[in-house]
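Each chain is listed here by its residues.
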Amino acid sequence: MDVNDLLAEAYGRLPDLVDSAVDGLGPEQLRQPPAPGANTVGWLVWHLTRVQDSGVADLLGEEQVWVSGDWAGRFGLTADPNDIGFGHTPEQVLACRPESGRALVDYHRAVAERTGAYLRGLRPADLDRVVDENWDPPVTAGVRLASLLEDDLQHVGQAAYVRGVIERG
């Protein structure tokens, strides 16, 4: 297996995990924190998708999917390309109001499609390209892709856990 296939396989698992985290949940369940100040299923899936969208857009040197359509309106948010959820307060978490699980799945799939196309076109040397010199050592495209995947997998697991808490609550 080459690195493109490995990355495509790993990232390709995320859409099904997102689907299962939100499938059958209504808008109020997507917006319900399991405890005061905790993240909601909707926010967690929005955030993991925003992280991937922002990171891959940066690697491509292109506009984010988030700002290229009416995605923000489907979440009750603005199309701010800098807002990916890092440092959100509990109030900001609750302000993420996805209209439905379908909105979350559709946005994630749009991002996943672009990510998949990017991954299929990578050459091994592309992974060594330095994309951020603000770190020591500087961050390469390969390291960025690993970091994005790690973040997304953690958050989709959290969303599945929160779903379970809400359904049992």
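Residues numbered from 1 in each chain as written. Predicted model: local features only at pLDDT ≥ 70, side-chain atom pairs only at ≥ 80, totals over all residues. Heavy atoms only, no water.

Caption draft 1: Spatial organisation of the overall build of the chain. Assigned secondary structure in the chain consists of seven helices and two strands. Going from N to C terminus, the chain has its helices and strands arranged as α-α-α-α-α-α-β-β-α. For the chain, whose C-alpha radius of gyration is 16 Å, the value lies close to the compact-globule estimate of 15 Å for 169 residues. Judged by the C-alpha coordinates and their principal axes, the chain covers about 50 × 30 × 30 Å. Contacts in the chain between residues far apart in sequence, at least 24 positions, make up 71% of those at least 6 positions apart. Distance from the positive charge centre (14 side chains) to the negative charge centre (27 side chains) of the chain: 5 Å. (Helix = DSSP H or I, 4+ residues; strand = E, 2+ residues; numbered from the N terminus. Rg over C-alpha atoms; globule rule 2.2 N^0.38 Å. Contact = heavy atoms within 4.5 Å. Lys, Arg positive; Asp, Glu negative; His and termini not counted. Charge placed at Lys NZ, Arg CZ, Asp CG, Glu CD.)

Caption draft 2: Seen up close, the side chain of Gln64. Note on placement: Gln64 falls in the loop between α4 (41–60) and α5 (90–95). Looking at Gln64, the relative accessible area reads 9%, which means it is buried. Residue contacts for Gln64: discarding those within four places in its chain leaves Arg50, Asp53, Ser54, Ala57, Pro81 and Arg114. (Buried < 20%, exposed > 50% of the residue type's maximum accessible area, 1.4 Å probe, protein only.)

Caption draft 3: Geometry of the layout of surface pockets. Space inside the largest pocket adds up to approximately 190 Å³. Taken together, the elements giving at least two residues each to the lining of the largest pocket come down to α4 and α7 (141–168). Counting residues per element, the lining of the largest pocket draws most heavily on α7, at five residues. Broken down by class, the residue content of the lining of the largest pocket amounts to four nonpolar, three polar and four charged. (1 Å grid on protein atoms, 1.4 Å probe; cavity = no way out; pocket = protein on both sides within 12 Å on 5 of 7 lines; lining within 4 Å. Points joined across faces, edges and corners; volume = space filled by probe spheres on them. Nonpolar A, V, L, I, M, F, W, Y, C, P; charged D, E, K, R; others polar.)

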